[in-house]
Amino acid sequence: MQVYRMEMKSQYSHLLTDEIMEAEAQGDLLIHLPLSLEHILDFSPSLKIFGKNGENEDQQVVSEIMARCFFPSLITTTSWEGFHFAGHEIRITEATDCYGAVVWPSALVLCHFLETNSKQYNLVDKNVIEIGAGTGLVSIVASLLGARVIATDLPNLLGNLRYNVSRNTKMKCKHQPHVKELSWGMGLEKNFPKSSNHFDYILATDVVYAHPFLDELLITFDHLCKDTTIILWVMKFRLDKENKFVDRFQELFDLEEISNFPSLNIKLYKAMKKNGRKS
């Protein structure tokens, strides 16, 4: 491992801009990345990845996750970012003018988890819904792993979401994924009636941040869950709002921390509806 000073050469650079700014604000940090990643980011020389119980474990896993990213070797008319998951090359088109159309680190964390824990969390023939699907990367990986997937997001994001899902799953998946509008807290019973909701998994990444719809998000989680539904939720901690939401979330759900990436301020949770609560 070495420390590198890099020049931004990809639109992927915006993906970790927040991480860089926050890390620099918190103190003297230094990022260690393998040579294969040197084309990805422009880090301050004072940035660093450290783990919870020593640096090695966190550093190694984060490096493995980021190593799944690649970029076009030639300039094309349509910009895209590449990822290797589930034995496939996945090409994602992003939009830099919209937070929901960007691949954030939390999505990479969940994709890596789903792939590397496919025996324990076997998605084959499982009913899966992703809320706040954004570019669709997580839904694509879940589909490639054999799930029946519904990728959801706001109306203005559905065009790009459909494009990414279609180009990366057509003729490649056991079950062709579906894309559907879901505005948190709105029209839930009409569009996702409880009587027909039988989701084995709910997937969510970076759905908690500085937006005014946290109440609606909690309502949506609750509405989509059955007693046996497993929520796999990855969250980046930025502000105190995140901690408060986790506290409120735990009033309705049993929450288990599966993984922690201190270097990215990201945690991966597993949750299920509390015993005794009606679906």
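It should be noted that the structure appears before, not after, this text.
What comes next is a walk through the structure. (Residues numbered from 1 in each chain as written. Predicted model: local features only at pLDDT ≥ 70, side-chain atom pairs only at ≥ 80, totals over all residues. Heavy atoms only, no water.)

Take helix 3 (residues 105-116) next. Think of an α-helix as 3.6 residues a turn; residues three or four steps apart then line up on the same face. Between its first and last C-alpha, helix 3 extends 17 Å over 12 residues, near the 16 Å set by a 1.5 Å rise per residue. Counting buried positions along helix 3 gives 11 out of 12 residues, so the element sits mostly inside the fold. What helix 3 keeps buried is the set Pro 105, Ser 106, Ala 107, Leu 108, Val 109, Leu 110, Cys 111, His 112, Phe 113, Leu 114 and Glu 115. (Helix = DSSP H or I, 4+ residues; strand = E, 2+ residues; numbered from the N terminus. Expected span 1.5 Å × (residues − 1). Buried < 20%, exposed > 50% of the residue type's maximum accessible area, 1.4 Å probe, protein only.)

Topologically, Phe 85 is positioned in strand 2 (residues 81-85). What Phe 85 contacts, discounting residues up to four positions off in sequence, is Arg 68, Ile 90, Leu 108, Cys 111, His 112, Glu 115, Val 141 and Leu 144. (Contact = heavy atoms within 4.5 Å.)

Next up on the list: unusual backbone geometry. Located in the positive-phi region is Ala 86, a residue other than glycine, with phi close to 55 degrees. By the element assignment, Ala 86 lies in the loop between strand 2 and strand 3 (88-92). Looking at Ala 86, the relative accessible area reads 19%, which means it is buried. Despite not being glycine, Asp 206 shows a phi value in the positive range, around 50 degrees. Locating Asp 206 in the fold gives a position in the loop between strand 7 (201-205) and helix 7 (214-224). The exposure class of Asp 206 is buried, given its relative accessible area of 11%.

Another aspect to go through is the sheet that holds strand 2. Here we have 3 strands laid out as an open sheet, ordered 1-2-3, and antiparallel in their pairing. Here the strands that pair on one side only, and so sit at the sheet edges, are strand 1 (69-70) and strand 3. Bridge analysis of strand 2 against strand 3 gives 5 bridges, and the strand direction is antiparallel. Each residue of the ladder has a partner; that of Glu 81, found in strand 3, is Ile 92. Contacting strand 1 and strand 2, helix 3 crosses the sheet at an angle of about 25 degrees to strand 2. Of the strands in this sheet, strand 2 and strand 3 touch helix 4 (residues 137-144), which is tilted by about 155 degrees from strand 3. (Pairing = 2+ DSSP bridges. Axes fitted to C-alpha atoms, helices over the stretch in contact; angles between N-to-C directions.)

Our focus in this paragraph is the side chain of Thr 220. With respect to the secondary-structure elements, Thr 220 resides in helix 7. Non-local contacts of Thr 220, meaning those with residues more than four positions away in its chain, are made with Leu 182, Trp 184, Gly 185 and Leu 188.

Another aspect to go through is the packing of aromatic side chains. Taken as a whole and assessed by the stated rule, the structure comprises 10 aromatic pairs. With 4.7 Å between their ring centres and 50 degrees between their planes, Trp 233 and Phe 249 make a pair best called tilted. Of this pair, Trp 233 sits in strand 8 (residues 230-236) while Phe 249 sits in helix 8 (residues 240-252), placing them 16 residues apart in sequence. A relative accessible area of 0% means that Trp 233 is categorised as buried. Classification of Phe 249 by relative accessible area gives buried; the value is 0%. (Phe/Tyr/Trp six-rings, centres within 6.5 Å; stacked < 30°, edge-to-face > 60°.)

Both strand 4 (residues 127-131) and strand 5 (residues 148-153) contribute to a ladder of 4 bridges, which runs parallel. Within strand 5, the position partnered with Glu 130 by the bridge is Ala 151. One crossover worth recording links strand 4 to the parallel strand 5 by way of helix 4, and it is right-handed. Note that strand 5 and strand 6 (residues 178-181) share 4 bridges and pair parallel. By the bridge assignment for strand 6, Asp 153 is matched with Glu 181. Following the chain from strand 5 across helix 5 (residues 158-169) to the adjacent parallel strand 6, one finds a crossover that is right-handed. (Right-handed = clockwise from strand over helix to strand, strands pointing away.)

Structurally, Glu 251 can be placed in helix 8. We classify Glu 251 as exposed; its relative accessible area is 59%. Counting along the chain gives 23 residues from Glu 251 to Lys 274, while the straight-line C-alpha distance between them is 8.2 Å.

Another point: the packing of helix 4 against helix 5. At a closest axis distance of 9 Å, the pairing of helix 4 and helix 5 adopts a crossing angle of 25 degrees. With respect to their mutual orientation, helix 4 and helix 5 come out roughly parallel. Handedness of the crossing formed by helix 4 with helix 5: right-handed. For the pair formed by helix 4 and helix 5, the contact residues are Ile 140, Ser 143 and Leu 144 on the first element and Asn 164, Val 165, Asn 168 and Thr 169 on the second. Of the residues contributing to the contact of helix 4 with helix 5, the split by class is 3 nonpolar, 4 polar and no charged. (Parallel < 35°, antiparallel > 145°, perpendicular 65-115°, else oblique. Left-handed = near helix turned anticlockwise from the far one by under 90°. Nonpolar A, V, L, I, M, F, W, Y, C, P; charged D, E, K, R; others polar.)

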